[in-house]
Amino acid sequence: AGARSIDSVVTDRAVDPRVRALLGQVATIKAFGKRHGLRPTGNYESYVQLRRPSVSWVVSACEPLGFEAKHWSFPIVGSVPYLGFFDPLDAAAYARSLEADGLDVDVRPVEAYSTLGWFKDPVLSSMIPPGETTLADLANVILHESTHASVYVPDQGFFNESLASFVADVLTPLFLKEREGPGSRSLAAWEARAVRGGVRVEQLHRTYAALERLYQSPLPDTQKRAEKKRILAAARAQLGWRRKLNNATLMQFKTYAAASSGFRAVYDSCAQDMPAFLRKMAALSGAVFGSAQRDELDTLLMLLVHQGC
């Protein structure tokens, strides 16, 4: 209800010049995405100034001694491994109810969401963070959410989120190089942050793997819980992690970072032609995955590599 057309915001001198300048890039980002195979939509033609830093809060949950995520099901979109709330107090209350059921629970703020092309999604003020990477961040989230509007398989949250993250992470530096040149400060800042993020992903992957081995071991549950606590404490210290770290947190990491190497292999098999890659992804149906919410994607993706592009 508070949306304004981007054209009117860009010409409104009462609006922060930095915000106006960034919003002036949105049409260029959308055109760039279209040239790289993303489906054009009526999204991101309006702007909403929120009165809070995040647009919603996402709750995820997982069994405490196994990576079995809780799923929520809805008409049309199918099941998803998280549930979003517009009110953080509602999210916190729901999280407490899940914890009372003995589940590991994670609550995190998000800056954007996609309605999968059913409605016209606005640019939100939460999509424009401070810092040198602001343009990159804005481009990344628009490209990520635009991927959802282009390719979406019901009941396959791991695939959908990992694909969107991969596409956005590949296209964002290409956009910066095209828009600002290969030597731009924002590109250098983005790439430096990507390196730091890669180190964090590797540590989270090692933690996930260590816990998975623990949960599959014959140790009694009391011993598993004690060792789990030790592994998570060590990971938090190494990462400098301030938030809670548990199975639900790690499943969220897996949801967004799963199978990046598999997607890269398919992308390379398409000669790094993003439109061809996206067409191949869009041709997949739920039946190909064999089960709902399949979280091991590399085997499936390597079959696509062998099929060619």
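Look up: the structure comes first, before these words.
Residues numbered from 1 in each chain as written. Predicted model: local features only at pLDDT ≥ 70, side-chain atom pairs only at ≥ 80, totals over all residues. Heavy atoms only, no water.

> Talk me through a nonpolar patch on the surface; I want residue IDs and the actual numbers.
Among the surface-exposed residues, Ile 76, Trp 118 and Phe 119 lie close enough to one another that they form a single nonpolar patch of about 430 Å² accessible area. Along the chain, Ile 76 falls in the loop between strand S4 (72-74) and strand S5 (78-80). Looking at Ile 76, the relative accessible area reads 62%, which means it is exposed. (Patch = residues over 30% accessible without salt bridge, like charges linked within 9 Å, V, L, I, M, F, W, Y side chains within 5 Å. Areas by Shrake-Rupley, 256 points an atom, 1.4 Å probe, with all protein chains shown as cover. Salt bridge = Lys/Arg side-chain N within 4 Å of Asp/Glu carboxyl O. Helix = DSSP H or I, 4+ residues; strand = E, 2+ residues; numbered from the N terminus. Buried < 20%, exposed > 50% of the residue type's maximum accessible area, 1.4 Å probe, protein only.)

> Mind laying out empty space enclosed by the protein, listing which residues take part and the relevant values?
This structure, assessed with the given rule, holds 2 cavities of 30 Å³ or more. Taken as a whole, the largest cavity encloses approximately 40 Å³ of empty space. In terms of lining residues, the largest cavity is bounded by 10 residues, among which Ser 60, Ala 69, Pro 81, Met 251 and Gln 252 are the most central. Of all elements in the fold, only strand S3 (56-62) and helix H9 (247-257) reach the threshold of two or more residues within the lining of the largest cavity. Broken down by element, the residue count for the lining of the largest cavity peaks at 4 residues, all from H9. Tallied by class, the residues present in the lining of the largest cavity amount to 7 nonpolar, 3 polar and no charged. Of the volumes computed, that of the second largest cavity is approximately 40 Å³. Lining the second largest cavity are Tyr 44, Ala 112, Tyr 113, Asp 121, Pro 122, Leu 124 and Met 127. Here the residues of the lining of the second largest cavity are counted per class, giving 6 nonpolar, no polar and 1 charged. (1 Å grid on protein atoms, 1.4 Å probe; cavity = no way out; pocket = protein on both sides within 12 Å on 5 of 7 lines; lining within 4 Å. Points joined across faces, edges and corners; volume = space filled by probe spheres on them. Nonpolar A, V, L, I, M, F, W, Y, C, P; charged D, E, K, R; others polar.)

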